Amino acid sequence: MRLYLFLFLLLCLACESDTPPKDVTRAFYYWKSSFQLSESEKQMLTACKVNKLYIKAFDVDWDLTRNKATIKAPVRFDEPIPKNMVVVPAVFITNQTLQRTPEKYLDSLASLIDSQLRNNWKAPSFSEIQFDCDWTLSTKLKYFKLLELFRKYSAEKTLSATIRLHQIKFAHKTGIPPVDRGMLMFYNMSDWKKTQIKNSIYDLDAASQYTATLSQYPLALDLVFPLFNWAIFYRNNRFMTVVNKLGSKVLAQQNFLQKDGNRYTVLYDTQAFGISLRKGDIIRAEEVEYEELLKGSKALSKQISTQKLTFAFYYLDPNTVSNYSHAQLQQIFLSFELPN
C-alpha cells in the first residue's frame, strides 16, 4: 500500500508544472512630454494593480548647430506621481549621439546625464535608472563605456538597459551592456520598411527565431510587451511613412480603400491622414491582438529564467489602452505570473 501511495505522489509531482510562479512587479511605460494621467489611465493602473512606471525623463541627441550632445524634450510634471507608485526615469540616447561624441568626451556626457537627473527630475526619488539606446556594432564600445562611466555618478542606483531581440540571439557580437538588469523589448520584431512583412510590431513566428537562447542570457531580464499600433504607407513597394495610433477601425471606414487582411489599397488619388495618397498606394495596419499577447506571455514566462522581475506594457495612453479591457490586461499579467 505504501508503495502505491509513493508512486501516486510521484505521479502527481510529475504532472505539476515544472515552471514555478514568478515574483512579478506590474508596470507601464509613460512616454509623453508631460506627465498628467487621464481618468481612464488612472482606472487602468488601479484595476490592473500596477505600482511601477517607467517615465521617459529626456532624450540625449546630437545638436548639429552646436556640434555637441544635448538634452532634449525633458518631461514636465503637470501633476504629482500617484502615491505608492515606484518610478524609473528612462533616458533615451540616439545612436547618432554615440557616433558623433569623441571617446574623450564620454565622461562629460555621463556627467551631463547625471546632472539633468539630479537637478531637473521633479518626480519622487528613484532607485533605478534605465538607458534606452539601440546601439550598433559600431557604437557598442562607446555606449558600454558611457554606462561604465555613468555608474560612478550613481553607484547607489540600479542601472538597467533596454535589450532588443536580435541582441539576445547575437549577444556574442552585439555584446552585453555593463548594467544590472536588461529590459527585453518584445516588439518591433521585423523590418517595417519591407512590404511583405505581416506585422513588424509583434509576430510570434518571427520572435521564435530569436528566443532559443533567451534563458542563457547573462543579465537578469525584465520584459515589456507592446500595446501601441500604427499604419505604414508604401508606394511602388517602397516605404513612405508611418502614422502612429492609426488602426484598422479607422482605415476600414474609408471609402477610398480596399481591404485585404490588414492591408489596404488606395483606390484613387486623395488626401488623407495628412498625406497625399495616390491610386495603388498600400497601407498596412499593425496592431496587437489580445489573444496573441496572451499566447506570447505564456511562452515567455517559461523561457525567461529570471524569477523576480518586472512585466511592463508599452505604453500608457488613453487611445492605446482603450483597445483592451481591464480584464484582458489582468489576464495577460496573470498568465505570465502563473504559467501553465
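Structural data are supplied above this passage.
Presented here is an overview of the structure given in this document.

Procedures and definitions
Residues numbered from 1 in each chain as written. Predicted model: local features only at pLDDT ≥ 70, side-chain atom pairs only at ≥ 80, totals over all residues. Heavy atoms only, no water. Core = buried A, V, L, I, M, F, W, Y, C linked by side-chain atoms within 4.5 Å. Buried < 20%, exposed > 50% of the residue type's maximum accessible area, 1.4 Å probe, protein only. Helix = DSSP H or I, 4+ residues; strand = E, 2+ residues; numbered from the N terminus. Contact = heavy atoms within 4.5 Å. Salt bridge = Lys/Arg side-chain N within 4 Å of Asp/Glu carboxyl O. Polar contact = N/O pair within 3.5 Å; in protein donor to acceptor, adjacent residues only side chain to side chain. 1 Å grid on protein atoms, 1.4 Å probe; cavity = no way out; pocket = protein on both sides within 12 Å on 5 of 7 lines; lining within 4 Å. Points joined across faces, edges and corners; volume = space filled by probe spheres on them. Nonpolar A, V, L, I, M, F, W, Y, C, P; charged D, E, K, R; others polar.

Observations concerning the nonpolar core
Phe28, Ile55, Ile93, Ile113, Phe131, Tyr143 and Phe186 are the most contacted members of the largest nonpolar core, which has 97 residues in total. In terms of residue count, the dominant contributor to this core is strand β3 (residues 52–63) (7 residues). Once residues within four sequence positions are removed from consideration, Ile93 is found in contact with Val60, Leu98, Ile113, Phe131, Asp132, Cys133, Tyr143 and Leu146. Within the second largest apolar cluster, 14 residues are counted, among which are Phe233, Phe256, Leu257 and Ala285.

As for the pattern of salt bridges
Taken as a whole and assessed by the stated rule, the structure comprises 17 salt bridges. The residue Asp132 makes a salt bridge to Arg164 at a minimum N-O spacing of 3.2 Å. Placement of Asp132 in strand β7 (residues 128–132) and of Arg164 in the loop between β8 (158–163) and α6 (165–169) is noted, with a sequence separation of 32 residues between them. A single network of salt bridges, built from pairs that share partners, joins Lys32, Glu41, Lys245 and Asp317.

Remarks on the side chain of Arg181
One can find Arg181 in strand β9 (residues 181–185). For Arg181, the side chain forms a polar contact with the side chain of Asp222, separated by 2.9 Å. Not counting residues up to four positions away in its chain, the partners in contact with Arg181 are Thr158, Leu159, Ser160, Ala161, Leu219, Ala220, Leu221, Asp222, Thr306, Lys308 and Leu309.

Describing the layout of surface pockets
Of the pockets and cavities examined, the largest pocket occupies roughly 750 Å³. Going through the elements one at a time, β3, β6 (86–93) and α6 are the ones with two or more residues in the lining of the largest pocket. Among the residues forming the lining of the largest pocket, the class breakdown is 13 nonpolar, 9 polar and 6 charged. If you add up the space inside the second largest pocket, you get close to 370 Å³. Around the second largest pocket, the lining is made up of 18 residues, and of these Asn229, Lys249, Glu287, Asn319 and Asn323 lie nearest the centre. Elements represented by at least two residues in the lining of the second largest pocket include exactly α9 (248–251) and α11 (318–321). Ranked by residue count, the leading element in the lining of the second largest pocket is α9, at 3 residues. Tallied by class, the residues present in the lining of the second largest pocket amount to 6 nonpolar, 8 polar and 4 charged.

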